[in-house]
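Single-letter residue listing:
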Amino acid sequence: MLMRYPIIILLILFMHRFSYAQTDYYKNPNKSSATPVRLKIDSLNNIAHNLFLAFPDSAHKIAANTLILSGKSNYSFGKGRSFLNLGLIYWSQSYYPISLFYLKSAIANLPKNKPLYLADAYKALGRTYADLKEYKQALKYLDTALYFAGKDAGRKADVYCEQGYVYYSEQNYDKALVLLQSSVSLDKGISDERSIAVLCSHLGRTYLHKGEYKTALAFEDTAY
(Lines give C-alpha, C1' and ligand atoms only; values in the text may rest on other atoms or scores of the structure.)
Protein backbone atom coordinates (compact mmCIF):
# COMPACT_ATOMS: atom_id res chain seq x y z
CA MET A 1 0.00 0.00 0.00
CA LEU A 2 2.78 2.43 0.85
CA MET A 3 4.17 2.18 -2.66
CA ARG A 4 0.93 3.60 -4.08
CA TYR A 5 1.44 7.01 -2.53
CA PRO A 6 4.78 7.82 -4.19
CA ILE A 7 3.39 6.52 -7.48
CA ILE A 8 0.38 8.88 -7.25
CA ILE A 9 2.63 11.81 -6.35
CA LEU A 10 5.02 11.00 -9.18
CA LEU A 11 2.16 10.82 -11.67
CA ILE A 12 1.14 14.33 -10.65
CA LEU A 13 4.72 15.52 -10.98
CA PHE A 14 5.00 13.76 -14.33
CA MET A 15 2.09 15.78 -15.64
CA HIS A 16 3.79 18.91 -14.34
CA ARG A 17 6.87 18.15 -16.39
CA PHE A 18 4.93 17.48 -19.56
CA SER A 19 2.28 20.15 -19.05
CA TYR A 20 4.52 22.94 -20.33
CA ALA A 21 3.07 25.04 -17.54
CA GLN A 22 6.17 27.03 -16.70
CA THR A 23 4.21 30.19 -16.05
CA ASP A 24 7.21 32.50 -15.67
CA TYR A 25 7.22 32.82 -19.46
CA TYR A 26 3.48 33.46 -19.66
CA LYS A 27 2.95 36.38 -17.29
CA ASN A 28 3.38 39.29 -19.69
CA PRO A 29 4.74 37.98 -22.97
CA ASN A 30 4.20 40.95 -25.25
CA LYS A 31 4.89 44.22 -23.45
CA SER A 32 6.06 45.96 -26.61
CA SER A 33 2.59 45.76 -28.21
CA ALA A 34 0.43 45.89 -25.09
CA THR A 35 -2.81 47.31 -26.51
CA PRO A 36 -5.94 46.58 -24.43
CA VAL A 37 -7.18 43.93 -26.88
CA ARG A 38 -3.82 42.20 -27.06
CA LEU A 39 -3.45 42.29 -23.30
CA LYS A 40 -6.84 40.61 -23.06
CA ILE A 41 -5.78 37.96 -25.58
CA ASP A 42 -2.54 37.33 -23.69
CA SER A 43 -4.45 37.03 -20.43
CA LEU A 44 -6.96 34.58 -21.91
CA ASN A 45 -4.15 32.50 -23.39
CA ASN A 46 -2.52 32.40 -19.95
CA ILE A 47 -5.75 31.16 -18.41
CA ALA A 48 -6.27 28.47 -21.05
CA HIS A 49 -2.67 27.34 -20.66
CA ASN A 50 -2.93 27.02 -16.90
CA LEU A 51 -6.29 25.20 -17.04
CA PHE A 52 -5.81 22.64 -19.79
CA LEU A 53 -4.74 19.67 -17.67
CA ALA A 54 -7.31 20.06 -14.91
CA PHE A 55 -10.21 21.50 -16.96
CA PRO A 56 -9.62 20.71 -20.65
CA ASP A 57 -13.17 21.53 -21.78
CA SER A 58 -13.06 24.99 -20.22
CA ALA A 59 -9.55 25.55 -21.55
CA HIS A 60 -10.71 24.53 -25.02
CA LYS A 61 -13.56 27.05 -25.03
CA ILE A 62 -11.24 29.85 -23.90
CA ALA A 63 -8.52 28.95 -26.42
CA ALA A 64 -11.02 28.67 -29.29
CA ASN A 65 -12.57 32.04 -28.49
CA THR A 66 -9.13 33.60 -28.09
CA LEU A 67 -8.12 32.24 -31.48
CA ILE A 68 -11.12 33.97 -33.07
CA LEU A 69 -10.37 37.22 -31.24
CA SER A 70 -6.71 37.03 -32.28
CA GLY A 71 -7.72 36.55 -35.91
CA LYS A 72 -10.06 39.54 -35.83
CA SER A 73 -7.29 41.62 -34.24
CA ASN A 74 -4.66 40.42 -36.72
CA TYR A 75 -2.52 39.37 -33.75
CA SER A 76 -0.29 36.55 -35.01
CA PHE A 77 1.37 35.97 -31.64
CA GLY A 78 -2.03 35.58 -30.00
CA LYS A 79 -3.07 33.17 -32.75
CA GLY A 80 0.12 31.18 -32.31
CA ARG A 81 -0.40 30.82 -28.58
CA SER A 82 -4.06 29.89 -29.05
CA PHE A 83 -3.09 27.20 -31.54
CA LEU A 84 -0.41 25.97 -29.11
CA ASN A 85 -2.92 25.77 -26.27
CA LEU A 86 -5.36 23.83 -28.44
CA GLY A 87 -2.58 21.48 -29.48
CA LEU A 88 -1.68 20.82 -25.87
CA ILE A 89 -5.33 20.28 -24.94
CA TYR A 90 -5.78 17.65 -27.64
CA TRP A 91 -2.44 16.06 -26.73
CA SER A 92 -3.51 15.77 -23.09
CA GLN A 93 -6.65 13.92 -24.26
CA SER A 94 -4.61 11.61 -26.54
CA TYR A 95 -6.10 13.03 -29.74
CA TYR A 96 -2.68 13.05 -31.33
CA PRO A 97 -3.48 13.66 -35.03
CA ILE A 98 -5.65 16.67 -34.11
CA SER A 99 -2.93 17.88 -31.75
CA LEU A 100 -0.39 17.77 -34.59
CA PHE A 101 -2.57 20.03 -36.73
CA TYR A 102 -2.84 22.69 -34.04
CA LEU A 103 0.81 22.49 -33.02
CA LYS A 104 1.95 22.95 -36.61
CA SER A 105 -0.46 25.86 -36.95
CA ALA A 106 1.11 27.36 -33.82
CA ILE A 107 4.57 27.15 -35.35
CA ALA A 108 3.30 28.81 -38.53
CA ASN A 109 1.95 31.78 -36.54
CA LEU A 110 4.42 32.27 -33.72
CA PRO A 111 6.89 35.05 -34.59
CA LYS A 112 10.60 34.27 -34.75
CA ASN A 113 11.31 36.87 -32.06
CA LYS A 114 9.50 34.62 -29.54
CA PRO A 115 11.96 31.70 -29.55
CA LEU A 116 10.91 30.23 -26.20
CA TYR A 117 7.34 29.83 -27.38
CA LEU A 118 8.63 28.21 -30.56
CA ALA A 119 10.73 25.92 -28.36
CA ASP A 120 7.54 24.95 -26.51
CA ALA A 121 5.67 24.28 -29.74
CA TYR A 122 8.42 22.16 -31.29
CA LYS A 123 8.88 20.31 -28.01
CA ALA A 124 5.16 19.54 -27.85
CA LEU A 125 5.27 18.45 -31.49
CA GLY A 126 8.18 16.13 -30.76
CA ARG A 127 6.44 14.64 -27.74
CA THR A 128 3.27 14.03 -29.74
CA TYR A 129 5.19 12.20 -32.45
CA ALA A 130 6.89 10.17 -29.72
CA ASP A 131 3.49 9.18 -28.33
CA LEU A 132 2.58 8.12 -31.87
CA LYS A 133 5.76 5.99 -31.83
CA GLU A 134 7.21 7.98 -34.74
CA TYR A 135 10.55 8.38 -33.02
CA LYS A 136 12.60 9.69 -35.94
CA GLN A 137 10.17 12.55 -36.46
CA ALA A 138 10.05 13.14 -32.72
CA LEU A 139 13.81 13.57 -32.45
CA LYS A 140 13.88 15.90 -35.45
CA TYR A 141 11.41 18.28 -33.86
CA LEU A 142 13.06 18.02 -30.45
CA ASP A 143 16.37 19.03 -32.01
CA THR A 144 14.61 22.11 -33.40
CA ALA A 145 13.12 22.79 -29.97
CA LEU A 146 16.61 22.67 -28.48
CA TYR A 147 17.78 25.24 -31.04
CA PHE A 148 15.02 27.68 -30.11
CA ALA A 149 15.56 27.04 -26.39
CA GLY A 150 18.95 28.69 -26.80
CA LYS A 151 20.62 29.27 -23.45
CA ASP A 152 17.43 28.98 -21.41
CA ALA A 153 18.25 26.28 -18.87
CA GLY A 154 14.67 25.33 -18.06
CA ARG A 155 13.68 24.93 -21.70
CA LYS A 156 16.83 22.93 -22.48
CA ALA A 157 16.15 20.67 -19.50
CA ASP A 158 12.61 20.05 -20.77
CA VAL A 159 13.87 19.11 -24.23
CA TYR A 160 16.52 16.76 -22.85
CA CYS A 161 13.82 15.12 -20.76
CA GLU A 162 11.65 14.59 -23.83
CA GLN A 163 14.59 13.24 -25.81
CA GLY A 164 15.27 10.87 -22.95
CA TYR A 165 11.66 9.73 -23.16
CA VAL A 166 12.11 8.91 -26.85
CA TYR A 167 15.26 6.84 -26.28
CA TYR A 168 13.63 5.14 -23.30
CA SER A 169 10.70 4.20 -25.54
CA GLU A 170 13.18 2.77 -28.04
CA GLN A 171 14.77 0.77 -25.18
CA ASN A 172 18.05 2.65 -25.65
CA TYR A 173 18.41 3.04 -21.90
CA ASP A 174 22.03 4.18 -21.83
CA LYS A 175 21.30 7.11 -24.17
CA ALA A 176 18.18 7.93 -22.17
CA LEU A 177 20.21 8.05 -18.95
CA VAL A 178 22.73 10.50 -20.42
CA LEU A 179 19.95 12.88 -21.48
CA LEU A 180 18.07 12.60 -18.20
CA GLN A 181 21.23 13.30 -16.22
CA SER A 182 21.87 16.36 -18.38
CA SER A 183 18.35 17.53 -17.66
CA VAL A 184 18.86 17.02 -13.91
CA SER A 185 22.06 19.05 -14.02
CA LEU A 186 20.30 21.98 -15.70
CA ASP A 187 17.34 21.87 -13.33
CA LYS A 188 19.65 21.82 -10.33
CA GLY A 189 21.23 25.00 -11.66
CA ILE A 190 17.86 26.78 -11.52
CA SER A 191 16.66 24.98 -8.36
CA ASP A 192 13.61 23.45 -10.04
CA GLU A 193 12.96 20.80 -7.41
CA ARG A 194 9.68 19.55 -8.80
CA SER A 195 11.23 18.88 -12.19
CA ILE A 196 14.19 17.18 -10.49
CA ALA A 197 11.75 14.90 -8.68
CA VAL A 198 10.15 13.95 -12.00
CA LEU A 199 13.54 13.28 -13.55
CA CYS A 200 14.60 11.11 -10.62
CA SER A 201 11.46 9.07 -11.20
CA HIS A 202 12.37 8.68 -14.87
CA LEU A 203 15.91 7.70 -13.89
CA GLY A 204 14.59 5.14 -11.45
CA ARG A 205 12.32 3.64 -14.09
CA THR A 206 15.17 3.50 -16.60
CA TYR A 207 17.56 1.80 -14.18
CA LEU A 208 14.78 -0.64 -13.34
CA HIS A 209 14.61 -1.70 -16.97
CA LYS A 210 18.39 -2.11 -16.98
CA GLY A 211 18.05 -4.50 -14.05
CA GLU A 212 19.99 -2.19 -11.68
CA TYR A 213 17.46 -2.42 -8.88
CA LYS A 214 19.37 -0.77 -6.04
CA THR A 215 20.13 2.29 -8.16
CA ALA A 216 16.52 2.38 -9.36
CA LEU A 217 15.25 2.27 -5.79
CA ALA A 218 17.63 5.06 -4.74
CA PHE A 219 16.31 7.37 -7.48
CA GLU A 220 12.69 6.54 -6.64
CA ASP A 221 13.35 7.33 -2.99
CA THR A 222 14.92 10.64 -4.01
CA ALA A 223 11.92 11.43 -6.19
CA TYR A 224 9.55 10.66 -3.35
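Residues numbered from 1 in each chain as written. Predicted model: local features only at pLDDT ≥ 70, side-chain atom pairs only at ≥ 80, totals over all residues. Heavy atoms only, no water.

Close reading of the predicted structure is inappropriate where its pLDDT is low. In this model, the chain carries a mean pLDDT of 89, and residues with pLDDT of at least 70 account for 85%. Across residues 1-27, where pLDDT falls below 50, the model places 56 contacts with residues more than four positions away in sequence or in other chains. (pLDDT = per-residue confidence, 0-100. Contact = heavy atoms within 4.5 Å.)

Looking now at unusual backbone geometry. Unlike most non-glycine residues, N74 shows phi in positive territory, near 55°. For N74, the location among the structural elements is in the loop between α3 (56-72) and α4 (76-92). When its relative accessible area of 65% is taken as the criterion, N74 is described as exposed. (Helix = DSSP H or I, 4+ residues; strand = E, 2+ residues; numbered from the N terminus. Buried < 20%, exposed > 50% of the residue type's maximum accessible area, 1.4 Å probe, protein only.)

Moving on to helix α6 (residues 115-131). Working note: α-helix, 3.6 residues per turn, so residues spaced by three or four point in the same direction. End to end, α6 covers 24 Å across 17 residues, agreeing with the expected 24 Å (1.5 Å per residue, within 8%). Counting buried positions along α6 yields 16 of 17 residues, so the element is predominantly enclosed. Just downstream of α6, K133 is the residue with a positive phi angle, here 65°. (Expected span 1.5 Å × (residues − 1).)

Let us look at the packing of helix α5 (residues 96-109) against α6. Where α5 contacts α6, the two axes come as close as 10 Å, and the packing angle between them is 160°. As the angle between them shows, α5 and α6 are arranged roughly antiparallel. Note on packing geometry: the crossing formed by α5 with α6 is left-handed. Listed contacts from α6 to Y96, S99, L100, L103, K104 and I107 of α5 are L118, A121, Y122, A124, L125, T128, Y129 and D131. (Axes fitted to C-alpha atoms, helices over the stretch in contact; angles between N-to-C directions. Parallel < 35°, antiparallel > 145°, perpendicular 65-115°, else oblique. Left-handed = near helix turned anticlockwise from the far one by under 90°.)

Turning to the packing of aromatic side chains, a few remarks are in order. Applying the stated rule across the entire model yields twelve aromatic pairs. Ring geometry for Y122 and F148: centres 5.6 Å apart, planes at 5°, overall stacked. Of this pair, Y122 sits in helix α6 while F148 sits in helix α7 (residues 135-149), placing them 26 residues apart in sequence. For the pair Y129 and Y141, a centre-to-centre distance of 5.5 Å together with 10° between the ring planes defines the contact as stacked. One end of the pair, Y129, is in helix α6; the other, Y141, is in helix α7, with twelve residues separating them in the sequence. There is no split in this pair, since Y129 and Y141 are both buried. What links up through ring pairs into an aromatic cluster is the set F83, Y90, Y95, F101 and Y102. (Phe/Tyr/Trp six-rings, centres within 6.5 Å; stacked < 30°, edge-to-face > 60°.)

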